[in-house]
Amino acid sequence: MEDDKPARRRTGDLTSGPIPRTLLLFALPVLGSNVLQSLNGSINAVWVGRFLGEAALTATSNANLVLFLILGTVFGIGMAATILVAQSVGARDLPEARRIVGTSATFFFLVSVAFAACGWIWVDAVLTGLGTPADALPLARAYLRIIFVAVPMMNLLSFVMTVLRGAGDSRTPFFFMALAVVLDVVLNPLLIRGIGPFPALGIAGSATSTLIGQTVSVIAILIVLYARRHPLRLAGGDFALLKPDPTLLRIVVFKGIPMGLQMIVISAAALTVMGIVNAYGSQVAAAYGIAAQLWTYIQMPALAIGAAVSSMAAQNVGAGRWDRIGKVAASGVGFNLVLTGVLVALLFLFDRPVLSLFLSTDSAAIDIAAHINKVASWSFILFGVTIVLFATVRATGAVMPPLVILIISVLIVRTGFAYSMRSVIGQEALWWSFPAGSIASLVLAAAYYRFGRWRTMHMIEDRPAAGEPPDTGLGVPRQRAQLLPETPSA
């Protein structure tokens, strides 16, 4: 085991110090990265819409749906690798962390190349399957083919950033996400219109700017990590670790798939509700679409805090600091209540000025959207608590229960409420389905957090994390925890 102080400084120790302050400082750059990504998509949509028109905007919307599904598929695998790295860093086992990085990086890259190749070959079949409008199909094809070329770089950058977060560093990923976003936003209009020395590529220029931004950023972050002699870099004999370890690979895949499926479950529920909304006409659909965009920003603090809690809890699991796990979760819940609560309150107070940015002030859709927000937006405070609890339990390897809870609360309760209650309260059933689903998910998540066996689970089953928690789950001091006998995994 490596326990040298320079290595610990370069990775980031989340197992000591004041928990609330450490968690908040770790979460803020993650939140900044999420905001940058959302702004990147919004600004690029403005460039495409203004320069190329509605058909081009429709084309990018369809293409981005495909991209989201691809990124969602590999998201869970990246999260599993991140948790394993965090546990190893917490246990001060940097050679093991590098083993995980080597196996995961190879698998991540190969899967990304496979997606890119298949997407390039079957791009027409994919777009036709989505029902892409005929006038947007050629534009979507040109855009998506370049995006498929960019997929390996996008996934590699995402992998490097998530691994660094697992190692306790959230600031470096933020800086290089900012680099990718700035390049993308600046190059978009130049490559679309052919301004200055740049060729006029039309919609392909928008995709090319993304490719350039992601490629430059991933090369730059790797150069910096090697220049800093980061403890998780692969150098010399470590390059042999790029040959996948079958045991580690099996863990990354089987633990990662349920986490990736969580995103797909949420997306499936959203598409189902959208299908019902469309039946009420364009005004209702437009109002719901704008409300849903605002909800994306409302959820950002909870998602950032959840990512921070997952890394912090996993490091403490690896270190055997079970006395800190509950405090990490409690701090995460507290920050979510404050930050998400503030955003929801601001939306309640200033909903019409915000909505008027998207809709004309005399549009009836503004009244509908304002009503939707009043009924549903507060429920994301509850769902944010669920995200934090999920992030805590998955740090030990408990990934199936959160998936089951989401299937029950989001797919069954939310969509079931929306369908079954329409005959009673009409379209109100759609808006109240969000509180119904959030309440169900919070109750089930809290019950599993309190009574579930997640404290006895392990990412690597035959090598439990240092120190097991007592049956009460309340934790013990680190010195005593390290002397406890190993308990069999669930």
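Residues numbered from 1 in each chain as written. Predicted model: local features only at pLDDT ≥ 70, side-chain atom pairs only at ≥ 80, totals over all residues. Heavy atoms only, no water.

## A few points about the overall build of the chain
For step 1, the next point in the chain: Helix and strand counts for the chain stand at 19 helices and 0 strands.
For step 2, the next point in the chain: Among the 490 residues that make up the chain, the fraction classed as buried is 52%.
For step 3, the next point in the chain: Expressed as a percentage of contacts within the chain between residues at least 6 apart in sequence, the contacts between residues at least 24 apart total 81%.
For step 4, the next point in the chain: Summed over all atoms, the accessible surface of the chain reaches about 20700 Å², with 69% contributed by carbon and sulfur. (Helix = DSSP H or I, 4+ residues; strand = E, 2+ residues; numbered from the N terminus. Buried < 20%, exposed > 50% of the residue type's maximum accessible area, 1.4 Å probe, protein only. Contact = heavy atoms within 4.5 Å. Areas by Shrake-Rupley, 256 points an atom, 1.4 Å probe, with all protein chains shown as cover.)

## A closer look at the environment of V413
For step 1, the next point in the chain: As for its position among the elements, V413 is in helix α16 (residues 400-420).
For step 2, the next point in the chain: Note: C-alpha distance between V413 and S441 (28 residues apart in sequence) is 9.1 Å.
For step 3, the next point in the chain: Filtering out sequence-adjacent residues up to four positions away, V413 remains in contact with I408, A436, G437 and A440.

## Focus on helix α11 (residues 300-319)
For step 1, the next point in the chain: Look at α11: 29 Å from first C-alpha to last across 20 residues, which is about the 28 Å you get at 1.5 Å a residue.
For step 2, the next point in the chain: Within α11, 18 of the 20 residues are buried, leaving the element largely enclosed by the surrounding structure.
For step 3, the next point in the chain: Just past α11, the residue G320 takes up positive phi, approximately 75°. (Expected span 1.5 Å × (residues − 1).)

## Describing unusual backbone geometry
For step 1, the next point in the chain: Even without glycine at this site, R92 takes up a positive phi of about 60°.
For step 2, the next point in the chain: Classification of R92 as buried rests on a relative accessible area of 10%.
For step 3, the next point in the chain: At R229, a residue that is not glycine, the phi angle is positive and equals roughly 55°.
For step 4, the next point in the chain: Within the secondary structure, R229 sits in the loop between α8 (203-227) and α9 (246-278).

## Concerning the packing of aromatic side chains
The geometry of an aromatic ring pair is captured by two quantities: the separation of the ring centres and the angle between the planes.
For step 1, the next point in the chain: Using the criterion set out here, one finds 9 aromatic pairs in the structure.
For step 2, the next point in the chain: Seen in terms of ring centroids, F380 and F434 are 6.3 Å apart; in terms of plane orientation they differ by 40°. Their pairing is tilted. Here F380 is found in helix α15 (residues 379-394), whereas its partner F434 is found in helix α18 (residues 428-451), with 54 residues between them in sequence. There is no split in this pair, since F380 and F434 are both buried. (Phe/Tyr/Trp six-rings, centres within 6.5 Å; stacked < 30°, edge-to-face > 60°.)

## Here we look at the nonpolar core
For step 1, the next point in the chain: Core analysis: the biggest nonpolar cluster contains 66 residues, and V85, L232, V309, Y448 and W454 have the highest contact counts within it.
For step 2, the next point in the chain: Per-element accounting of this core gives the leading share, 10 residues, to helix α3 (residues 54-90).
For step 3, the next point in the chain: Look past the residues within four positions of W454 in its chain and what remains in contact with it is W322, I325, T392, V393, T396, A398, Y448 and Y449.
For step 4, the next point in the chain: Membership of the second largest hydrophobic core comes to 28 residues, among which are V375, I381, L430 and W431. (Core = buried A, V, L, I, M, F, W, Y, C linked by side-chain atoms within 4.5 Å.)

## Observations concerning the confidence of the model for the chain
For step 1, the next point in the chain: Per-residue confidence for the chain gives a mean pLDDT of 83, with 89% of residues at or over 70.
For step 2, the next point in the chain: Low pLDDT (under 50) marks residues 462-490, which in the prediction has 52 contacts with non-local residues, meaning those over four places away or in another chain. (pLDDT = per-residue confidence, 0-100.)

## Describing the packing of α9 against α18
For step 1, the next point in the chain: Packing of α9 against α18 leaves a shortest axis separation of 10 Å and a crossing angle of 160°. When the interaxial angle is binned, α9 and α18 end up roughly antiparallel. Here the hand of the crossing between α9 and α18 comes out left-handed. Of α18, the residues touching α9 (which contributes V273, I276 and V277) are L430, W431 and F434.
For step 2, the next point in the chain: Looking at the contact of α9 with α18 residue by residue, the class counts come to 6 nonpolar, no polar and no charged. (Axes fitted to C-alpha atoms, helices over the stretch in contact; angles between N-to-C directions. Parallel < 35°, antiparallel > 145°, perpendicular 65-115°, else oblique. Left-handed = near helix turned anticlockwise from the far one by under 90°. Nonpolar A, V, L, I, M, F, W, Y, C, P; charged D, E, K, R; others polar.)

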